[in-house]
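A look at the structure
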Amino acid sequence: MATAELPPARSTELPLEPEMHPLVKSVHTGQPHNLVTVGDAIGNVVLDGNHPRGWWLGFLAGFAMLQVLALAVCWLFYMGVGIWGINVPVAWGFAIVNFVWWIGIGHAGTLISAVLLLLHQKWRTSINRFSEAMTIFAVMCAGLFPLLHMGRPWFAYWLYPFPNVAGVWPQFRSPLTWDVFAVTTYFTVSLVFWYLGLVPDLAALRDQAKKRWQRVVYGLLALGWRGSAIHWRRYEKVYLILGGISTPLVLSVHTVVSFDFAVSIVPLWHATIFPPFFVAGAIYSGFAMVVLIAIPVRKWYKLEDFFSDHHLDIMGKVMLATGFLVTYGYFSELWMAWYGHTLYEWGTTIERMFGPYGWSYWCLIGFNCVFPLTALWSRKMRVSPFWMSAICISVLIGMWFERYVIVITLAREYLPSAWGHYAPTLWDYATMVGSLGLFLFLFFLFLRYLPMISITEMRELLPKKQGGGGGHSIMENAP
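Residues numbered from 1 in each chain as written. Predicted model: local features only at pLDDT ≥ 70, side-chain atom pairs only at ≥ 80, totals over all residues. Heavy atoms only, no water.

The record in UniProt for the protein states the following under Subcellular location (unreviewed entry): "Cell membrane". (UniProt positions renumbered as here; feature names shortened; annotations may be inferred.)

Structure below.
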């Protein structure tokens, strides 16, 4: 047979799968990324220490609001919870409103990290790191409010069943006690999950750092990581196990928080719709906070290569789906109150809509349903940073009003003689603004000292010809 007639040699390399939306782009440089450029683009944000003006503005704003929180808490310890607007019919007030709101914001981190990991959704890689950090900081802000609301926060350890001679034990039939165990478990698992994912990146920063203090600190935090095969094997097993443990928390934590309301006999609280309704609302507000943070951060640090408009589009679709679930919950409450022919349920519904707090109910509907669900249908708006920021701000305001409407229902229950009026004071607003300052302060410190995007997982998303897609052995041999 002639040489020209020989069949062509078959390539031993598997063909690359076509990808409609590449998850790693090259917007700024024009050159395709490789293992080195991915590590430099993300790691240099931490190692160089040159932060844009936006970071300084956000950090200083958070620090200033944190001082407001310190002042409000000191005055609270001196005077007592009477400085708040809480009274006999509305004994919860802003404290529980903000507690449930912050817990909801922290839900997106666990969903993105654990659930999407188990579902093999690769687009999560660009946002899972700072969404996990957001979860930890949001839970810290949430835990602040029940402790302050106790009036004697130095006795908070009484909520745990520790051996004591006084015979004082938690009331395990109280959903407030369930909150303590649920939120503590949620915070612990989320913190371990977040730190474990950081270990390979901390080792990379240790090896790239030029300053001695960076090499020492990141070296200690890296726990002796060498990138060996046995390290990767154990890391992936533990990471997957923690993902499996974290997945039930997405459903259980906010379900337990909803039991604070659902197990009572207050009109419109005693409903089985609360657990799924609260979980959907938590994911709704959590994704809104992730997008609202990611849009300016990617602009400041020129990370559009890793967080693209495709990510905005997907997250907008998730918000659209959860927004409709939340809207269904509102409709279900209205329908059951009317169809059940219960005097107190329907009377409380009318009070919510047209009573002295009716303005807050219609703010809830407008901010949470009308504007976001109308705008999110359009892909042009889902990929627009301006419109997505406006939608996310609207959702966060609307979800806060949802919790406000639920809690102020206490003002008018069964007996008109027991009705009251709730009006927040300056110190209520100061504590709420201060919790936002605590969140911003911690988050901007995270941006300063830790990689906001997983270097390891972003390298795996590269095409095989650029050094990715071939496992950790290729990544560890990067020049």
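Structurally, the position occupied by V115 is in helix α4 (residues 107-118). Accessibility expressed as a relative area gives 18% for V115, which makes it buried. (Helix = DSSP H or I, 4+ residues; strand = E, 2+ residues; numbered from the N terminus. Buried < 20%, exposed > 50% of the residue type's maximum accessible area, 1.4 Å probe, protein only.)

Side-chain pairs of opposite charge can arise where the charged atoms are in close proximity. According to the stated counting rule, one finds ten salt bridges in the structure shown. One salt-bridge network, in which partners are shared between bridges, spans D313, K317, R379 and R382. (Salt bridge = Lys/Arg side-chain N within 4 Å of Asp/Glu carboxyl O.)

Two elements in contact, helix α5 (residues 128-149) and helix α6 (residues 175-208), have axes whose closest approach is 10 Å; the angle formed by their N-to-C orientations is 150°. As for how α5 packs across α6, the hand of that crossing is left-handed. Contacts between α5 and α6 involve R129, E132, A133, T135, I136, V139 and M140 from the former and V183, Y186, F187, S190, L191, F193, W194, G197, L198 and D201 from the latter. Class assignment for the residues of the contact of α5 with α6 results in eleven nonpolar, three polar and three charged. (Axes fitted to C-alpha atoms, helices over the stretch in contact; angles between N-to-C directions. Left-handed = near helix turned anticlockwise from the far one by under 90°. Contact = heavy atoms within 4.5 Å. Nonpolar A, V, L, I, M, F, W, Y, C, P; charged D, E, K, R; others polar.)

Along the polypeptide, F130 turns up in helix α5. Residues F130 and V290 lie 160 residues apart in sequence; the distance between their C-alpha atoms is 8.1 Å. Those residues in contact with F130 that sit more than four places away from it in its chain are V290, A294, F443, F446 and M452.

This part covers a nonpolar patch on the surface. Residues Y328, F331, W335, M336, W338, Y339, W346, I350, F354 and W362 make up a contiguous nonpolar surface patch of about 1,200 Å² in total accessible area. Mapped onto the nonpolar patch, the elements with two or more residues apiece are α10 (309-339) and α11 (343-354). If you tally residues by element for the nonpolar patch, the top one is α10, at six residues. Within the element layout of this structure, F331 appears in helix α10. (Patch = residues over 30% accessible without salt bridge, like charges linked within 9 Å, V, L, I, M, F, W, Y side chains within 5 Å. Areas by Shrake-Rupley, 256 points an atom, 1.4 Å probe, with all protein chains shown as cover.)

Here we take up unusual backbone geometry. Unusually for a residue other than glycine, H120 sits at a positive phi of about 60°. Along the chain, H120 turns up in the loop between α4 and α5. Notably, L223 is not glycine yet its phi reads approximately 60°, a positive angle. Within the secondary structure, L223 is located in the loop between α7 (212-221) and α8 (229-262). By relative accessible area, L223 is classed as exposed at 59%.

Turning our attention to the confidence of the model for the protein. Of the residues in the protein, 89% have a pLDDT of 70 or more, and the chain-wide mean is 84. Here residues 9-20 scores under 50 on pLDDT; set against residues more than four positions off or in separate chains, the count is three contacts. Across residues 473-479, confidence stays below pLDDT 50; counting only partners more than four residues off in sequence or on other chains, it has twelve contacts. (pLDDT = per-residue confidence, 0-100.)

We now examine the packing of aromatic side chains. All told, the structure shown has 55 aromatic pairs when counted by the stated rule. Aromatic side chains F261 and W269 sit 4.9 Å apart centroid to centroid with 85° between the ring planes, which places their arrangement in the edge-to-face category. Exposure remark for W269: the relative accessible area of 2% places this residue in the buried category. Ring centres 5.8 Å apart and planes at 65° place the aromatic pair F324 and W377 in the edge-to-face group. You can see F324 sitting in helix α10 and its partner W377 sitting in the loop between α12 (358-375) and α13 (379-382), a full 53 residues away along the chain. Given a relative accessible area of 38%, F324 falls into the partly exposed group. (Phe/Tyr/Trp six-rings, centres within 6.5 Å; stacked < 30°, edge-to-face > 60°.)

With that settled, the discussion passes to the side chain of R298. Mapped onto the elements, R298 comes out in helix α9 (residues 274-300). Residues in contact with R298, not counting those within four places in the same chain, are L303, E304, F307, S308, D309, L312 and P385.

What follows deals with the nonpolar core. Ranked by internal contacts, the top residues of the largest apolar core, which has 142 residues, are F261, M319 and F446. Among the elements that take part in this core, α9 stands out by supplying 16 residues, more than any other. Setting aside its immediate chain neighbours within four residues, M319 contacts Y284, F287, A288, L376, M388, I391, C392 and V395. (Core = buried A, V, L, I, M, F, W, Y, C linked by side-chain atoms within 4.5 Å.)

Position of M65 among the secondary structure elements: in helix α2 (residues 53-79). In sequence terms M65 and M432 are 367 residues apart; their C-alpha atoms lie 9.6 Å from each other. Beyond its immediate stretch of four places on either side in the chain, M65 contacts V433, G434, L436, G437 and L440.

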